[in-house]
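The lines below spell out each chain.
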Amino acid sequence: MLVRSTIRGGGYGGMLNYSHDLSAGELTLKGGYRISENSRNAPTNIRSWATSKTKWWGRLVDNEVSVEGGWGDIENRQETLELKSDMVFTDFETGFIGHRVNIGGEYSNVRGVYKRKDAHYQYMDAKLNPDIECDDPYTCVSGEQFFTRRIVREAESVDVSMNQFAAYLEDTLNIWR
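Each chain carries its own residue numbering, running from 1 in the direction its sequence is written. The predicted origin of the model limits local features to residues at a pLDDT of at least 70 and limits the giving and counting of side-chain atom pairs to 80 or more, whereas totals for whole chains, interfaces and linings rest on all residues. With hydrogens and water set aside, each side-chain value is computed from the structure's full complement of heavy atoms.

1. Structural notes on the environment of Gln 145
We apply this condition: For the purposes of this entry, the term helix denotes a DSSP run of H or I that reaches at least four residues, the term strand denotes a run of E that reaches at least two, and both are numbered from the N terminus. Under the rule applied, a polar contact is a pair of N or O atoms within 3.5 Å (in protein, one hydrogen donor and one hydrogen acceptor; residues adjacent in sequence only if both atoms are side-chain atoms).
Among the structural elements, Gln 145 can be located in strand β10 (residues 145–153). A C-alpha to C-alpha distance of 9.5 Å links Gln 145 and Cys 134, two positions eleven residues apart in sequence. Polar side-chain contacts of Gln 145 include one of 3.3 Å to the side chain of Ser 52. There is a polar contact of 2.8 Å between the side chain of Gln 145 and the side chain of Glu 144.

2. Focus on the pairing of strand β8 (residues 120–128)
Note the cut-off: Whether two strands pair depends on DSSP finding at least two bridges between them.
As paired elements, strand β3 (residues 46–50) and β8 share two bridges and run parallel to each other. Looking across to β8, one finds that Arg 47 is bridged to Tyr 123. The pairing of β8 with β10 spans eight bridges and is antiparallel. Across the sheet, the residue bridging to Met 124 is Arg 149, located in β10.

3. Quick notes on the nonpolar core
Definition in use: For our purposes a nonpolar core is just a set of buried Ala, Val, Leu, Ile, Met, Phe, Trp, Tyr and Cys residues, chained together by side-chain atoms within 4.5 Å. For the exposure calls, accessible area comes from a 1.4 Å probe over protein chains only, and a residue counts as buried if that area is under 20% of its type's maximum, exposed if over 50%, partly exposed in between. In what follows, a contact means two residues having at least one pair of non-hydrogen atoms within 4.5 Å.
Among the nonpolar cores identified, the biggest contains seven residues, and these are Trp 49, Ala 50, Trp 57, Tyr 123, Ala 126, Val 141 and Phe 147. Excluding residues within four positions of it along the chain, Ala 50 makes contact with Lys 55, Glu 64, Ala 126, Leu 128 and Gln 145.

4. Quick notes on empty space enclosed by the protein
The probe, sized like a water molecule, is rolled over the atoms to show the empty space still left. Rule in force here: Grid points spaced at 1 Å and placed over the protein atoms alone form the basis of the search, with a cavity being a set where a 1.4 Å probe fits but cannot get out and a pocket an open set showing protein on both sides within 12 Å along at least five of seven lines. Lining residues have an atom within 4 Å of a point. Grid points are joined across faces, edges and corners, and a volume is the space filled by probe spheres set on the points. Each residue receives one of three labels: charged for Asp, Glu, Lys and Arg, nonpolar for Ala, Val, Leu, Ile, Met, Phe, Trp, Tyr, Cys and Pro, and polar for the others, Gly being one of them.
Evaluated as defined, the whole model comprises one cavity of 30 Å³ or more. Looking at the largest cavity, the residues that line it are Thr 44, Gly 72, Asp 73, Arg 116, Asp 118 and Ala 119. Looking at side-chain class alone, the lining of the largest cavity contains one nonpolar, two polar and three charged residues.

5. Some points on the sheet that holds β3
Across the sheet, which stays open at both edges, the five strands sit in the order β4-β3-β8-β10-β9 with mixed pairing between neighbours. The open sheet has two edge strands with one neighbour each: β4 (65–69) and β9 (140–141).

6. A few points about the environment of Val 67
When you line up the elements, Val 67 lands in strand β4. Separated by 41 residues in the primary sequence, Val 67 and Glu 26 place their C-alpha atoms 62 Å from one another.

Have a look at this one:
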């Protein structure tokens, strides 16, 4: 397979945590941010030639196909913001029942971006034919082979954002303890 591509990736994140004792109980606040990015730089098109005299490298791996090219350039990015709060109230009793009340909430926003700047062409199902004459050496080899199928993946850009919310209330009961 003759493919030259470069993949790069990385990211970072941070988290803050704050706790404070109040007369009613303990309050905890947390906030965090993460970002990750990755990209691929590769030839825009991929061609699956029939293994032949001029397209011989498939034989190196005992394959009937000699692949050339790549899947194109892409960029991905994801950002996440998270906020959490938690309040654990001081234990109290009502009659013979003890209570430990905990209340809290969470919020997160996740944003993802995917970009393919150029259309990607995938050529396949090469047919060997010694009588073929062609003007396009990119998709045909005169006197040898040509492609019968092509898939096009258009250039695209997708930007998605998702919000998530959660809340809870918990009361742990201790009876006659």
